Amino acid sequence: MVEWDCVVVGAGIEGSSTAYQLALKGCKTLLIEQFPLGHSRGSSHGHSRITRYAYVQKHFSEMMPECFKIWAQLERDSNTKLYRKEGLLVIDEPPYSNLNMVKGALDSINHKYTALTSSEICRKYPGVSVAPDTKGIIEHDGGILLADSCLRAMQTQFLKHGGTIRDSEKVLQVIPGDIVTIVTNKGRHQAKNVVLTPGPWASKMLRPLGLDPPLKVWRLDVCYWQEKIPGQFDNFPVFIAYGTGNHYYALPSEEYSGLVKVCDHNEHELIDPDARDAPSSDHQLREALIKKFIQKFFPGLHDTPAIVERCIYSFTPDESFYLDTHPKYPNIVIGCGFSGHGFKLSPVVGKVLSELVMGTKPSYDLSMFRLSRFPNGPLAKL
């Protein structure tokens, strides 16, 4: 006897969003998580994430209007504050290629922004310093998602609509078939469909199913820096800096009073997600690079981090996701490789993955998210 219409493996923000969308569609759904809920082992924990319409990738900008609508609906349904509108400052150096792509993406969805010169940036945001040839924009609807609250709200609404969550239950094997069998450390589940959203554990889960899409698992240091003058960054927006070969971002104080989160979105040390806390070989190098960035752009912050936390991300070569069905087993749906962009886009990711489960036409063009887009990649082992 089939227990479930669908089992979703992985209760991070992508899996929780997918389960929530399936429950809204009346699908009898089980959401399984290997760790206790509220854990910090994956990529969905913490107090804050940037949200924005402004993207270099046009297809992400096209998804964001619906993401904002779903987050707003979830706020109303859960009676929980999930979003702080702070504005987003994006800066770039000559030849401004990233900034121009961001403006092009915003123009394509008719989303307004304000251009800023370097002097306007420095005047508007004390504590920040940019070179005279720097250009920027303010995207007015950018802001902060209150990440822990978002995840809890998604899971709570999933339960409210009839879903079931089982945490501290590790999936050991996924056995394909017309009915999929999911073997865990606590038993077996049978389902008509399964969605695999295992975060950094994607490669470990997909290889036994004959898939090995290009993925890099990175450990990132999430750094918090103290203001030199208390309150100087009170009206600071979320912030993204593009430059030659570098990409940094910042969020105003949310987790810790008087501390600004500044991190880098550059290549990091590869890790095994089951050994996240092993000694790091590149920690000092990464911290030195961020310190150099702080000294150049944020003279209003002390250049030694007050707090350092860890997070692990899964990156694809083009930083677009994998949203697809297994090429041999269409009732196995896969969502992974979110490349540090997944949280804000999770409402649409969940919607699309639920559509793949239900066999309905996806709401968005998924060609840039297919597993097969890289030559000699995931299909070679089938």
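Coordinates for the structure precede this section.
Criteria and thresholds
- The residue numbering used here restarts from 1 in each chain and proceeds along that chain's sequence as written.
- Under the rules for a predicted model, residues below a pLDDT of 70 receive no local features and side-chain atom pairs below 80 are neither given nor counted, while totals for whole chains, interfaces and linings still include all residues.
- To get the side-chain values, all heavy atoms of the structure are used, and hydrogens and water are removed first.
- Each reported salt bridge corresponds to a side-chain nitrogen of Lys or Arg within 4 Å of a carboxyl oxygen of Asp or Glu.
- Strands here are runs of E lasting at least two residues and helices are runs of H or I lasting at least four, both read from the DSSP assignment and numbered beginning at the N terminus.
- Partly exposed residues are those whose accessible area sits between 20% and 50% of the maximum for their type, while under 20% is buried and over 50% is exposed, using a 1.4 Å probe and protein chains only.
- Strand pairing requires that DSSP identify at least two bridges connecting the strands.
- Axis geometry follows a simple rule: fit a line to the C-alpha atoms, using only the stretch in contact for helices, then measure angles between N-to-C directions, giving values from 0 to 180 degrees.

(A) Seen up close, the pattern of salt bridges. What the rule picks out here adds up to 15 salt bridges. With a shortest N-O distance of 3.4 Å, Asp-5 and Lys-192 are connected by a salt bridge. In this pair, Asp-5 sits in strand β1 (residues 4-9) while Lys-192 sits in strand β12 (residues 187-196), placing the two residues 187 residues apart along the sequence. The class for Lys-192 is partly exposed, based on a relative accessible area of 43%. Taking the shortest distance from any N to any O, the salt bridge between Arg-84 and Glu-86 comes out at 2.4 Å. Relative accessible area serves as the criterion here: at 25%, Glu-86 is assigned to the partly exposed category. Here the salt bridges do not stand alone but share partners, grouping Arg-41, Arg-276, Asp-277 and Arg-310 into one network.

(B) A look at the sheet that holds strand β8 (residues 143-146). Strand order in the open sheet formed by 3 strands is β3-β8-β4, with antiparallel pairing between adjacent strands. Of all the strands in the sheet, just β3 (48-51) and β4 (83-85) have a single pairing partner and so form its edges. Across the sheet, the mean angle from the axis of one strand to that of its neighbour is 30 degrees, orientation sign disregarded. Taken together, the 3 bridges between β4 and β8 define a ladder with antiparallel strand orientation. When the bridges of β8 are listed, Lys-85 appears paired with Gly-143.

(C) Main features of the sheet that holds strand β15 (residues 246-251). Spatially, the 8 strands line up as an open sheet ordered β6-β7-β5-β14-β15-β16-β13-β17, and their pairing is mixed. Strands with a single pairing partner mark the edges of an open sheet, and in this sheet they are β6 (114-117) and β17 (307-315). Each strand axis lies, on average, 20 degrees off the axis of its neighbour in the sheet, ignoring direction. For strand β13 (residues 216-226) and strand β16 (residues 259-264), the ladder comprises 3 bridges, and the chain directions are antiparallel. Across the sheet, the residue bridging to Trp-225 is Val-260, located in β16.

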